[in-house]
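Results of the structural survey
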Amino acid sequence: LDNGTGDEDYLNRLREGVQYALDHADADIAFFLSGADAWEGDRLGKLSLTKAGLIERDRTVFDMCFERNIPVAVMMGGGYAPDVEDIADIHFNTARTVAQMAQVWAQKSTV
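This write-up is about the structure you can find in this document. (Residues numbered from 1 in each chain as written. Predicted model: local features only at pLDDT ≥ 70, side-chain atom pairs only at ≥ 80, totals over all residues. Heavy atoms only, no water.)

1. Observations concerning the overall build of the protein
This is how the line gets drawn: Put simply, DSSP marks the helices as runs of H or I at least four residues long and the strands as runs of E at least two long, and each gets a number from the N terminus on. The globule rule is 2.2 Å times the number of residues to the power 0.38, and the radius of gyration it is compared with is taken over C-alpha atoms. Any residue under 20% of the maximum accessible area for its type is buried, any over 50% is exposed, and the rest in between are partly exposed; the area is computed with a 1.4 Å probe on protein chains only. Here, residues are in contact when the closest pair of their heavy atoms is within 4.5 Å. Under the convention used here, a 1.4 Å probe and the Shrake-Rupley method define accessible areas, while residue burial counts only the protein chains that appear. By the counting scheme adopted, Arg and Lys are positive, Glu and Asp are negative, and His together with the chain ends is not counted. By convention, the charge on Lys lies at NZ, on Arg at CZ, on Asp at CG and on Glu at CD.
In terms of helices and strands, the protein carries 3 helices and 2 strands. Mapped in sequence order, the helices and strands of the protein form the string α-β-α-β-α. For a compact globule of 111 residues, the expected C-alpha radius of gyration is about 13 Å, and the protein comes in at 14 Å, within 12% of that figure. Across its three principal axes, the protein shows a C-alpha extent of roughly 45 × 25 × 20 Å. Taking all 111 residues of the protein together, 36% fall into the buried category. For the protein, restricting intrachain contacts to residue pairs at least 6 apart in sequence, the fraction spanning at least 24 positions comes to 77%. For the protein, the exposed surface amounts to about 6,800 Å²; the carbon and sulfur share of it is 52%. Of note, the protein has its 10 positive side-chain charges centred 2 Å away from the centre of its 19 negative side-chain charges.

Rendered as structure tokens:
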């Protein structure tokens with residue numbers, strides 16, 4: 001991806017990439033490194049995702065794996081924002097998204 005890639009282009013490419021990987025892998029589990037360095041305020045990352053875009057990234061990966069009944073192991077990494085609170089917020093958003101998605105999946109599984 002080009003430096004400065006924002007939410008829309010990133011999420012479109014993410015969907016394509018995850019779809020391709022899931023179509024070609026006989027996966028029993030997915031390992032997801034939900035890095036914070038793609039955030040637009042990061043000092044080292046070269047992408048320009050918003051915090052909302054990062055949440056959508058997480059949801060996209062979780063949903064695509066859930067559709068195929070593939071469990072996801074999440075590792076949080078990266079994050080070089082000038083304010084450590086931004087890094088913590090991004091990682092907390094990932095944890096919150098996991099919790100929210102787990103509730104949705106539990107409801108769908110019992111239907």
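Text resumes after the structure shown.
2. Observations regarding the packing of helix α1 (residues 7–24) against helix α2 (residues 51–67)
Selection rule: All axes here are fitted lines through C-alpha atoms, helices being fitted over the stretch that makes contact, and every angle between N-to-C directions spans 0 to 180 degrees. In these notes the angle categories are as follows: under 35 degrees is roughly parallel, over 145 is roughly antiparallel, 65 to 115 is roughly perpendicular, and the rest is oblique. Left-handed describes a crossing in which the near helix is turned anticlockwise from the far one by less than a right angle; the clockwise case is right-handed. In this count, Pro and Cys sit with the nonpolar residues alongside Ala, Val, Leu, Ile, Met, Phe, Trp and Tyr, while Asp, Glu, Lys and Arg are called charged and the others, Gly among them, polar.
Running from N to C, α1 and α2 point in directions that differ by 20°, and their axes come no closer than 10 Å. Taken together, the axes of α1 and α2 lie roughly parallel to each other. Relative to α2, α1 is oriented so that their crossing is right-handed. Residue-level contacts link D7, Y10, L11, L14, R15, V18, Q19 and L22 of α1 to G53, E56, R57, T60, V61, M64 and C65 of α2. Grouping the amino acids of the contact of α1 with α2 by side-chain chemistry returns 8 nonpolar, 3 polar and 4 charged.

3. Examining the pattern of salt bridges
A side chain with one charge can pair with a side chain of the opposite charge if their charged atoms come near. Operational definition: By definition here, a salt bridge exists when the distance from a side-chain nitrogen of Lys or Arg to a carboxyl oxygen of Asp or Glu is within 4 Å.
The full count for this structure, using the stated rule, is 6 salt bridges. Here the salt bridges share partners, and the residues they tie into one network are K51, D86 and D89.

4. Quick word on helix α3 (residues 84–110)
Our working definition: In a helix, the anticipated span is given by 1.5 Å times the number of residues less one.
Taking 1.5 Å of rise per residue, the 27 residues of α3 would be expected to cover 39 Å, and the 40 Å separating its terminal C-alpha atoms lies within 8% of that figure. Those residues of α3 that fall on the buried side of the exposure criterion are D86, I87, I90, H91, N93, T94, T97, M101 and W105. Residues of α3 that are buried sit in contact with α2 and β2 (72–75).

5. Considering the pairing of strand β1 (residues 30–33)
How we decide: For two strands to count as paired, DSSP must find a minimum of two bridges between them. For a crossover, the right-handed case is the one in which the path from the first strand over the helix to the second runs clockwise, viewed with the strands pointing away from the viewer.
Burial along β1 is one-sided: A30 and F32 are buried, while F31 and L33, pointing the other way, are not. Here β1 pairs with β2 via 4 bridges, running parallel. Paired with F32 across the two strands is V74, which belongs to β2. Remark: the β1/α2/β2 crossover connection has right-handed handedness.

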